[in-house]
Amino acid sequence: MIQVAINGYGTIGKRVADAVRAQPDMEVLGVAKTRPNFEAETAIEKGFALYAAIEEREHLFDEAGLDIAGSVDELVADADIVVDATPSGIGAENKSLYEEYETPALYQGGEDADLVDVSFNARSNFEDATDADHVRVVSCNTTGLSRVIAPLRETYGVEKVRATLVRRGGDPGQTDRGPINDILPNPVTIPSHHGPDVETIFDDLDIDTLGMKVPATQMHMHSLNVTLEEEVDAADVRDLFADESRLFLIPEHMAIDGSGKLKEYALDAGRPRGDVWENAIWEESISTVGRDLYLFQGIHQESDVVPENIDAVRAVLGTADAEESIETTDETLGIGL
Ligand code: NAD
């Protein structure tokens, strides 16, 4: 059994912990937290061993009546791999800790690409992560774009990608984020940083992205235009995408008109936390004009990177190939709406 440590138990970390627990070949050695908040309470209730991420704050857990299993150093030392799911920039500060104990580490999309040996997306470059010590699971948006671009490149060739990312202002729990009543070009400079991030997965890709932020918390929405190397029927693209387990084509009859109903559907389907691990592509939006393909897709920022973290564990440790790992992850989590 692969022993996985999770350092940073927030939006991403708690989801990765549950996903690790669902795998037949790995278990959660423990989760490290900085403070005894509601997530620390539920970690204990779920039976995860809780470690103090910052030694000087250990007494706060004692005062809150939460048992601590040890320090983050002990957790990292005993683990086969660490998933660092701390806020942007903290992963970089933690790198020396992982190096000290020679424990390979996965970082998240908030870290810079040059922190790591490899930026990772399971569908696109699984094998590149084998034996790497420091791997970055790319951001929610980059994951969502990569999953669509990989099959298009393999099947038709891609000349150019243009994407406008309408981004949620903050996650539901992020009470300090916004805008509350505005539409922001964000970043206001063009192209946005998202395109270069996708190029960390496909280094010879031509992609320009534009970003906006809107008063929403549920999901991001991508408006995508891909110029292919050949003329293709929209129906063929739909068939191509239908074979991709992490692309969910929303059928017209479901009458899902936006992120709100998508999340409602995920909750009705019994998904934990209403998570939508797949890209949710509006089937009717898939259109072609000559060599240009267009579509709209919803990206659930809190969860699409979760199966990617699971696959990255196997990729780094070399315990499965891409196909086996993706299949196991999909089956155990119930991916494929
Ligand atoms: P979060 O704030 O919800 O969770 C981070 C957790 O780490 C919190 O519980 C925080 O208390 C804890 N923490 C802070 N400092 C720590 C330290 N020194 N050691 C251990 N734990 C510490 O953040 P998140 O949304 O889960 O984001 C984590 C990473 O995932 C970031 O790189 C982010 O860019 C990336 N990411 C986030 C999203 C998203 O939409 N939430 C999507 C994809 C990737």
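Residues numbered from 1 in each chain as written. Predicted model: local features only at pLDDT ≥ 70, side-chain atom pairs only at ≥ 80, totals over all residues. Heavy atoms only, no water.

Novice: Tell me about the UniProt feature "binding site: NAD(+)" (unreviewed entry) in the protein, and please be specific about residues and values.
Specialist: Residues annotated by UniProt as "binding site: NAD(+)" (unreviewed entry) correspond here to Thr-11, Ile-12, Gly-110, Arg-168 and Gln-301. Considering the arrangement of structural elements, one finds Ile-12 in helix α1 (residues 11-21). By relative accessible area, Ile-12 is classed as buried at 19%. Contact partners of Ile-12, with chain neighbours within four places excluded, come to Ala-85, Gln-108, Gln-301, Glu-302 and Val-305. Among the secondary structure elements, Gly-110 is positioned in the loop between β6 (105-107) and β7 (118-120). Among the residues examined, Gly-110 registers a relative accessible area of 40% and is labelled partly exposed. (UniProt positions renumbered as here; feature names shortened; annotations may be inferred. Helix = DSSP H or I, 4+ residues; strand = E, 2+ residues; numbered from the N terminus. Buried < 20%, exposed > 50% of the residue type's maximum accessible area, 1.4 Å probe, protein only. Contact = heavy atoms within 4.5 Å.)

Novice: An account of the domain arrangement of the protein is requested, with residue identities and associated values reported.
Specialist: The assigned domain composition of the protein is domain 1 (2-138 + 306-333) and domain 2 (140-299). One C-alpha centre belongs to domain 1, the other to domain 2, and the line joining them spans 26 Å. The interface of domain 1 with domain 2 comprises 23 residues on the first partner and 19 residues on the second. Across the domain 1/domain 2 interface, buried area totals approximately 1,700 Å², and carbon plus sulfur atoms make up 45% of it. Of all residues in domain 1, Arg-15, Arg-123 and Val-138 give up the largest surface area on contact with domain 2, accounting jointly for 35% of the area buried on that side. Viewed at the interface, domain 2 and domain 1 are joined by nine salt bridges. Here Glu-244 makes a salt bridge to Arg-123, at a shortest N to O gap of 2.7 Å. On the surface where domain 1 and domain 2 come into contact, there are 12 residue pairs in polar contact (both at pLDDT 80 or more). Counting residues per element, the ones that place at least two in the side of domain 1 that touches domain 2 are α1, β7, α6 (122-125), α11 (306-317) and α12 (322-333). (Domains from an automatic or database assignment. Buried area = accessible area lost by both parts, 1.4 Å probe. Salt bridge = Lys/Arg side-chain N within 4 Å of Asp/Glu carboxyl O. Polar contact = N/O pair within 3.5 Å; in protein donor to acceptor, adjacent residues only side chain to side chain.)

Novice: Hey, could you go over the sheet that holds strand β2 (residues 26-33) for me, with residue numbers and the actual values?
Specialist: Two pairing modes exist for strands in a sheet, parallel and antiparallel, and in both the strands are linked by backbone hydrogen bonds. Spatial ordering of the open sheet is given by β4-β3-β2-β1-β5-β6-β8-β7, a layout of eight strands whose pairing is parallel. With one partner strand each, in any of the chains shown, β4 (70-71) and β7 form the two edges of the open sheet. In terms of strand pairing, β7 meets strand β8 (residues 134-137) through three bridges, oriented parallel. Directly across from Phe-120, in β8, lies its bridge partner Val-137. (Pairing = 2+ DSSP bridges.)

Novice: Go over unusual backbone geometry, please, and point to the residues and values.
Specialist: With an omega of 5 degrees, the peptide bond between Gly-178 and Pro-179 qualifies as cis. The peptide bond linking Asn-186 to Pro-187 adopts the cis configuration, its omega dihedral lying at -5 degrees. Counting through the fold element by element, Pro-187 comes out in the loop between β10 (184-185) and α8 (194-199). If you check the backbone angles, Asp-131 has positive phi at about 70 degrees while not being a glycine. We note that Arg-273 has phi near 60 degrees; this positive angle belongs to a residue other than glycine. Here Arg-273 shows up in the loop between α10 (259-268) and β14 (279-282).

Novice: Residue-level account of the packing of aromatic side chains, with values.
Specialist: Within a pair of aromatic rings, the relevant descriptors are the distance that separates the centres and the angle that separates the planes. For the coordinates displayed, the defined rule picks out four aromatic pairs. Taking the centre distance of 6.0 Å and the plane angle of 55 degrees together, the rings of Tyr-98 and Tyr-107 count as tilted. By relative accessible area, Tyr-98 is classed as buried at 0%. When the ring of Phe-120 is compared with that of Phe-126, the centres are 5.9 Å apart and the planes differ by 55 degrees; the resulting orientation is tilted. The exposure class assigned to Phe-120 is buried, which follows from its relative accessible area of 0%. (Phe/Tyr/Trp six-rings, centres within 6.5 Å; stacked < 30°, edge-to-face > 60°.)

Novice: Any chance you could break down the site of the ligand for me, citing the residues and the numbers?
Specialist: What surrounds the ligand is a group of 21 residues, the closest being Thr-11, Ile-12, Arg-168, Asp-171 and Gln-301. For the ligand, whose accessible area on its own is 820 Å², the fraction buried by protein is 83%. When grouped by side-chain class, the residues that make up the shell around the ligand number seven nonpolar, 10 polar and four charged. Inspection of the shell around the ligand shows a minimum of three residues originating in each of domain 1 (2-138 + 306-333) and domain 2 (140-299). (Near = heavy atom within 4 Å. Areas by Shrake-Rupley, 256 points an atom, 1.4 Å probe, with all protein chains shown as cover. Nonpolar A, V, L, I, M, F, W, Y, C, P; charged D, E, K, R; others polar.)

Novice: How would you summarise the pattern of salt bridges if you had to cite specific residues and measurements?
Specialist: On inspection of all chains with the given rule, the structure shows 22 salt bridges. In this structure, Glu-302 and Arg-15 form a salt bridge, with 3.7 Å as the shortest nitrogen-oxygen distance. Of the two residues, Glu-302 is situated in the loop between β16 (292-299) and α11 and Arg-15 in helix α1; the sequence distance between them amounts to 287 residues. Measuring nitrogen to oxygen at the nearest pair gives 2.9 Å for the salt bridge that ties Asp-257 to Lys-261.

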